[in-house]
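Examining the three-dimensional arrangement
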Amino acid sequence: MKKISILIPCYNEEGNVVPLSGEIVKIFESELASYDYEVVFIDNCSTDGTRPLLREICRQNPRIKAIFNVKNFGQVNSPYHGLCQTTGDCTIGMCADFQDPPEVIPALVREWENGYKIVSCIKTKSRENPVMRFIRTCYYKAIKKMSAVEQIEHFTGFGLYDRSFINILKDLQEPQPLLRSLVAELGFQRKEVCYEQAKRKAGKTKNNWYTLYDLAMLTFTSYTKTGLRLATLAGFMLGGLTFLVALVYFIYKLLYWDSFDAGIAPLVIGVFLIGSVQLFFIGFIGEYVMAINTRLRLMNRPLVIEEERINFGDSQIERNLRE
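Residues numbered from 1 in each chain as written. Predicted model: local features only at pLDDT ≥ 70, side-chain atom pairs only at ≥ 80, totals over all residues. Heavy atoms only, no water.

1. With respect to the overall build of the chain
When helices and strands are tallied, the chain shows 11 helices and 8 strands. The burial tally for the chain puts 45% of its 323 residues in the buried class. Considering only contacts in the chain between residues 6 or more positions apart, those separated by 24 or more positions represent 80%. Element-wise, carbon and sulfur atoms account for 60% of the exposed surface of the chain, whose accessible area totals about 17,700 Å². (Helix = DSSP H or I, 4+ residues; strand = E, 2+ residues; numbered from the N terminus. Buried < 20%, exposed > 50% of the residue type's maximum accessible area, 1.4 Å probe, protein only. Contact = heavy atoms within 4.5 Å. Areas by Shrake-Rupley, 256 points an atom, 1.4 Å probe, with all protein chains shown as cover.)

Okay, structure coming up:
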C-alpha cells in the first residue's frame, strides 16, 4: 500500500489545525481509502493555543504527527525541514489556513499516479486583496523575465512532491532553501493543477510588507543578476551623460564668457541627481552583499532545531525527552 504524507507548517493557527486535520482525514477515509497516510504538522514556535491542540489531535490519531521547533526559524526553513522529515511515497505540502484547499488533494494524487514527480498548484484566481494580487502578479512576471532559472508564476509551494524529489532536497546544502524556485530549477517532470485561493478561514495572516519584501529579495538576489547589471549599465550611461553635459557647459561658457551666468544651479541639480542614483544602486548592491553574508553565516547550520516530536515512533528526540 502506497503512503501519502501531508506536510502542514503552522504558526499561531489555533483556529485552523483541528478542522484542517479533520478535513484531511475525511478525504483519506472517503476518496483515498486505498492509501496509507500521515499528516505532519511542523509548528514554528506558536505563542497561542496551537501546540496543546496539536498534542490532542496527535493523541487521538497516531497517523497525525507533530514537530515543535524551539523558536521561529522563518517561513522558508521550517516547511523545507518538515518536507524532509516525511516518510511517504509522496508528500503534499500545504498551508494551515485553508487558503490551500484540501479538496484538491485527490487531484494531485491522480496526477502523481499518472507519472508526474511534481504536481504544482497554480493560483489562477484568488480572494485576497486585489491590490496584493496585482503586486504579486507584477512581481512574478518581473522575476520570471529577469531570472536565468525558470520561475513558476503564482506558485507558493502548495503541491505534491515524489519521494525521489524529497530525497534530493535532503542532500542539498542550502542555508536558505527557497522551495518554489528549487521545484523549477531541479528540472523534474512537473504537472500544473489550477485552483482558486480561498480566504483564510480563521486568524490573521502572519505575513506583512517586511516579510514579503524579504522573501521577494531572497528570490531576486538568489536567481537574478539584473540588479548588478543595471547598476553597472546605469553608472556607465550616467557617467557618459555627465561628461557630455560638463563638456557642453565648458564650451558654451568659453564662447559666451561675458554674457553667460548660469550660477551654481546646474551643479547642484547634477550632484543631487547622480547622488540619488548612486544611493539607490548602493542599496541594491547591498542586498546582494547581505544575501551572500547571510548564506555564509548560515552555512553548515541546521535549518531548524527541534524541541519535540510526537507520533514519530521511538525517535532519538523522543527518547531524550523521556529521559
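2. Quick word on the nonpolar core
Taken as a class, soluble globular proteins show a tendency for nonpolar side chains to be buried jointly. In this structure, Ile-6, Ile-8, Ile-24, Phe-41, Ile-92, Leu-108 and Val-109 are the most contacted members of the largest nonpolar core, which totals 38 residues. Core analysis: the second largest hydrophobic core is formed by 24 residues, Val-40, Phe-155, Leu-179 and Phe-312 among them. (Core = buried A, V, L, I, M, F, W, Y, C linked by side-chain atoms within 4.5 Å.)

3. Regarding helix H3 (residues 74-85)
Helical periodicity: at 3.6 residues per turn, an α-helix aligns residues three or four positions apart in one direction. Counted at 1.5 Å a residue, the expected span for H3 with its 12 residues is 16 Å, and the 17 Å between its end C-alpha atoms agrees. Burial analysis of H3 places 9 of its 12 residues in the buried class, which makes it a mostly covered element. Buried within H3 are the following residues: Val-76, Asn-77, Ser-78, Tyr-80, His-81, Gly-82, Leu-83, Cys-84 and Gln-85. (Expected span 1.5 Å × (residues − 1).)

4. Describing the pattern of salt bridges
Summed over the entire model, instances satisfying the criterion amount to 10 salt bridges. Residue Lys-65 pairs with Glu-38 through a salt bridge whose shortest N-O separation is 2.7 Å. Taken together, the residues Lys-65 in strand S3 (residues 64-69) and Glu-38 in strand S2 (residues 36-43) connect sequence positions 27 residues apart. The pair Lys-65 / Glu-38 is uniform in exposure class, with both members buried. Within this structure, Lys-3, Glu-38 and Lys-65 form a network of salt bridges that share partners. (Salt bridge = Lys/Arg side-chain N within 4 Å of Asp/Glu carboxyl O.)

5. Thoughts on the pairing of S2
In terms of burial, S2 is a largely internal element, 7 of the 8 residues being buried. Here 8 bridges tie strand S1 (residues 3-10) to S2, and the two strands are oriented parallel to one another. Counted as the bridge partner of Lys-3 is Asp-36 from S2. Relative to S3, S2 is paired through 5 bridges, and the arrangement is parallel. The residue bridging Asp-43 from the neighbouring strand is Phe-68, located in S3. As a crossover connection, the stretch from S2 through helix H2 (residues 50-60) into S3 is right-handed. (Pairing = 2+ DSSP bridges. Right-handed = clockwise from strand over helix to strand, strands pointing away.)

6. A closer look at the confidence of the model for the chain
When pLDDT is averaged along the chain, the result is 80; 69% of the residues meet or exceed 70. Looking across the chain, the model is least confident in helix H11 (residues 316-322), with a mean pLDDT of 44, and most confident in S3, with 97. Counting interchain partners and residues more than four positions distant, the pLDDT-below-50 stretch residues 316-323 has 14 contacts. (pLDDT = per-residue confidence, 0-100.)

7. Section: the packing of aromatic side chains
Enumeration over the complete set of coordinates arrives at 3 aromatic pairs. The interplanar angle of 20° and the centroid separation of 4.7 Å between the aromatic rings of Phe-28 and Tyr-37 together place this pair among those described as stacked. The exposure class of Phe-28 is buried, given its relative accessible area of 2%. By relative accessible area, which is 6% here, Tyr-37 ends up buried. Each ring, one from Tyr-161 and one from Phe-165, has its centre 5.6 Å from the other, and the planes form 25°; the classification is stacked. For the pair formed by Tyr-161 and Phe-165, the shared burial category is buried. Lys-65 extends its terminal NZ or CZ atom over the ring of Phe-312, reaching a point 5.1 Å from the ring centre. The ring of Phe-73 carries Lys-71 above its face, with NZ or CZ at 5.7 Å from the centroid. (Phe/Tyr/Trp six-rings, centres within 6.5 Å; stacked < 30°, edge-to-face > 60°. Lys NZ or Arg CZ within 6 Å of the ring centre and 35° of its normal.)

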